[in-house]
Amino acid sequence: MNRIERPFRTSLTLVAATASAALLLTACGEGAKGSASDGGNGTVKVGLITKTDTNPFFVKMKEGAEQAAKKSGAELSTAAGKFDGDNEGQVTAIENMVAAGVKGILITPNDSKAIVPAIEQARKKGVLVIALDSPTDPQDAADALFATDNLKAGELIGRYARAAMAGKPAKIATLDLAPGVAVGQLRHDGFLKGFGIQEGDPSVVCSQDTGGDQAKGQTAMENCLQKAPDVNVVYTINEPAALGAYTALKAKGREKDVLIVSVDGGCTGTAAVKDGKIAATSQQYPLLMAAKGVDAVVTYAKKGTKASGYVDTGVTLVSDRPASGVEAKDTAYGLENCWG
């Protein structure tokens, strides 16, 4: 898996031509009557393909793209898979958008490797492809990556957890995403780095995959409590998994003596930090990812300048429980900048 090591997630309708198409594409913006990449009247066509259209993170991403498209006078087409992992649907969306004459495609890959051939075909036809939130594998399969530095996001909460434990021996449970998913691996690795340990360290007493789902997070935490009842630190891939873990801990009367840290900064998760259910979270900014992506496509269409490499869209540690030596913003800031 290629990883990022430096600072580092409506009225023309296009219908998929095959029965396997699992996506609905919609367009918004000015100049919808044009043709080709500039609509025939200076309007730039931009495509946004997210993993799903139900996850609040991607809802906010779409909102950012819509706002940027409206501001620049671009025409935005959007698509989303039926489920997280729907690579076939994303391939269909790319093909449809290229056929519709988009100048650039912004995509959060469901499968970082499997999507590469479709991206390569789009780029051969002069379409700028920017990955948002999740890198392709290899990363340079797309022209650029606009994303949170997920390694840093994990490192921030790892440093926080270590400081908050104040030298007390840690018994850590990691509630991860799924094997082979770059975002999940980077956050996991960052947490270990921030905590000052390596993979295989005996202080990690349980590791479970959750798919970033609240119910699965609860089940994973229940499994960890059976395996290691003395768990006192819980790292989670995102806040739904964290809230699932909190539910399982509360059922055992452990919710007040276990430190939970997470990543995302959604409004529900940030509110959970304020309520004391989660000690700290690393907040990311999906709206900014998409807005910058739209701007990059418009620049490419009008000036021929291609975005390239990695663009860090920022991450901030949010907590109301200060830890010595770890800089953080409070939940007032977090709630002002949250999503979902």
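Up top is the structure these notes are about.
Residues numbered from 1 in each chain as written. Predicted model: local features only at pLDDT ≥ 70, side-chain atom pairs only at ≥ 80, totals over all residues. Heavy atoms only, no water.

Some remarks on helix H9 (residues 286-303)
- Taking 1.5 Å per residue, 18 residues should reach 26 Å; H9 reaches 26 Å between its end C-alpha atoms and fits that length.
- When we look at burial in H9, the residues that qualify are Pro-286, Met-289, Ala-290, Ala-291, Gly-293, Val-294, Ala-296, Val-297, Val-298 and Tyr-300.
- Where H9 is buried, its residues touch strand E3 (45-50), helix H1 (56-72), strand E5 (104-107), strand E6 (128-132), strand E7 (144-147) and strand E12 (280-284). (Helix = DSSP H or I, 4+ residues; strand = E, 2+ residues; numbered from the N terminus. Expected span 1.5 Å × (residues − 1). Buried < 20%, exposed > 50% of the residue type's maximum accessible area, 1.4 Å probe, protein only. Contact = heavy atoms within 4.5 Å.)

A closer look at the packing of aromatic side chains
- Within this structure, the stated rule accounts for four aromatic pairs.
- Relative to Trp-339, the ring of Phe-57 has its centre 5.0 Å away and its plane inclined at 80°; by these criteria the two rings are edge-to-face. With Phe-57 in helix H1 and Trp-339 in the segment after helix H10 (331-336), this pair connects stretches of sequence that are 282 residues apart.
- Residue Phe-57 is classed as buried on the basis of its relative accessible area of 2%.
- Ring centres of Phe-191 and Tyr-235 lie 5.0 Å apart, and the angle between their planes is 25°; on these two criteria the pair is classed as stacked. Of the two residues, Phe-191 is situated in helix H5 (residues 182-195) and Tyr-235 in strand E10 (residues 233-236); the sequence distance between them amounts to 44 residues. Assigned by exposure class, Phe-191 and Tyr-235 land together as buried. (Phe/Tyr/Trp six-rings, centres within 6.5 Å; stacked < 30°, edge-to-face > 60°.)

Let's talk about the pattern of salt bridges
- The tally for this structure, following the rule as stated, stands at seven salt bridges.
- With a closest N to O distance of 4.0 Å, Lys-113 and Asp-137 form a salt bridge. Linking Lys-113 in the loop between E5 and helix H3 (116-124) with Asp-137 in the loop between E6 and E7, this pair joins segments that are 24 residues apart in sequence.
- Relative accessible area serves as the criterion here: at 11%, Asp-137 is assigned to the buried category.
- When the shortest N-O distance is used, the salt bridge between Asp-257 and Arg-254 registers 3.0 Å.
- Look at Asp-257 and you get partly exposed, because its relative accessible area is 43%.
- According to the relative accessible area criterion, Arg-254 is buried, its value standing at 16%.
- Look at the salt bridges and you will find they share partners, linking Arg-123, Asp-143 and Lys-306 into a network. (Salt bridge = Lys/Arg side-chain N within 4 Å of Asp/Glu carboxyl O.)

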